[in-house]
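For reference, the chains in residue letters:
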Amino acid sequence: MRPRIELGEVTVHNIRQLKRLNTVVFPVSYNDKFYKDVLQAGELARLAYYNDVVVGGVCCRIDTTEGQRRLYIMTLGCLAPYRRCGIGTVMLKHVLNYVEKDGNFDALYLHVQINNDSAIAFYQKFGFNIVETKTSYYKRIEPADAHVLQKNLVKGGSKGSKAVVG
């Protein structure tokens, strides 16, 4: 039997699972405001289940700076034993489908620690490119520098909606 990979919403009843997951997966810690905002994020925050066990999560927010409407992927991560099982792909495709359905985003972007080669390769597979490197982006972790990876979206379709490129 093939494993089941499903996404579920983040609620007050399971937010502690997301907190625990993020503590294990990411080298940085997130404050209470982050989790409060995640509870309001709707489709932009999802837990990933592998055969009914929480093994990953994705949290995004809409960013309207510099005259652009972009989707910022705050976190997208999976427990180490479950990597390379397609879970990250399911989470990222959920986000890509969201922006495609919405049709009004200029780009998606995220920060990745400069030495995280597997994450960089993962996002590049989906058409993200390194557009900038921010020095001393992270506090209290080494290396402190982060690449900004971005996937630009282009206008397409009959109503001038934007489509995912790549």
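Only a predicted model underlies this, so the values are computations on that prediction, with no experimental measurement involved. (Residues numbered from 1 in each chain as written. Predicted model: local features only at pLDDT ≥ 70, side-chain atom pairs only at ≥ 80, totals over all residues. Heavy atoms only, no water.)

### Here's the deal with the overall build of the chain
Counted only if it meets this: Numbering of helices and strands runs from the N terminus, with a helix taken as a DSSP run of H or I at least four residues long and a strand as a DSSP run of E at least two residues long. With C-alpha atoms as the basis for the radius of gyration, the globule rule is written as 2.2 Å multiplied by the number of residues raised to the power 0.38. Whether two residues touch is decided by their heavy atoms; if any such pair falls within 4.5 Å, the residues are in contact. Values of accessible area rely on a 1.4 Å probe in the Shrake-Rupley scheme; residue burial ignores everything except the protein chains shown.
Each helix and strand in the chain was counted, giving four helices and eight strands. Listing each helix as α and each strand as β along the chain from the N terminus yields β-α-α-β-β-β-α-β-α-β-β-β. Relative to its length of 166 residues, the chain is compact, with a C-alpha radius of gyration of 16 Å against a globular reference of 15 Å. Projecting the C-alpha coordinates of the chain onto the three principal axes gives extents of approximately 40 × 40 × 30 Å. A fraction of 58% describes how many contacts in the chain between residues 6 or more apart in sequence connect residues 24 or more apart. If you sum the accessible surface of the chain, you get close to 9700 Å²; carbon and sulfur atoms cover 48% of it.

### So, the pattern of salt bridges
Stated formally: A side-chain nitrogen of Lys or Arg and a carboxyl oxygen of Asp or Glu constitute a salt bridge if their distance falls within 4 Å. The buried label goes to any residue with under 20% of its type's maximum accessible area, the exposed label to any with over 50%, and the partly exposed label to all in between, with areas taken from a 1.4 Å probe on protein chains only.
If you walk through the whole model with that rule in mind, you get six salt bridges. R4 is the partner of E6 in a salt bridge, and the nearest nitrogen-oxygen pair spans 3.8 Å. On the basis of relative accessibility, which here comes to 35%, the residue R4 falls in the partly exposed class. We note a salt bridge from R4 to D52, for which the minimum N-O separation is 2.6 Å. Taken together, the positions of R4 in the segment before β1 (5-9) and D52 in the loop between β2 (45-50) and β3 (53-63) put the pair 48 residues apart, joining distant regions of the chain. Through salt bridges with shared partners, a single ionic network connects R4, E6 and D52.

### What about the layout of surface pockets?
Counted only if it meets this: Using protein atoms alone on a 1 Å grid, points that fit a 1.4 Å probe yet trap it form a cavity, whereas open point sets bounded by protein on both sides within 12 Å along at least five of seven lines form a pocket; residues with an atom within 4 Å of a point count as lining. Grid points are joined across faces, edges and corners, and a volume is the space filled by probe spheres set on the points. In this classification, Asp, Glu, Lys and Arg are treated as charged, Ala, Val, Leu, Ile, Met, Phe, Trp, Tyr, Cys and Pro as nonpolar, and every other residue, Gly included, as polar.
Each pocket or cavity is described by its volume, and for the largest pocket that value is around 1300 Å³. In terms of lining, the largest pocket is formed by 45 residues, of which the most central are F26, L76, G77, N116 and Y123. If you list the elements that add at least two residues to the lining of the largest pocket, you get α2 (32-39), β3, β4 (70-78), α3 (87-102), β5 (107-113) and α4 (117-125). Per-element accounting of the lining of the largest pocket gives the leading share, seven residues, to β4. Residue composition of the lining of the largest pocket, grouped by class: 26 nonpolar, eleven polar and eight charged.

### A closer look at the UniProt feature "domain: N-acetyltransferase" (unreviewed entry) in the chain
Our working definition: UniProt positions are given in the numbering used here, feature names are shortened, and annotations may be inferred rather than shown by experiment.
Mapped onto the present numbering, the UniProt feature "domain: N-acetyltransferase" (unreviewed entry) falls at residues 5-154. Spanning residues 5-154, this segment combines 29% helix with 35% strand, and its end C-alpha atoms are found 30 Å apart.

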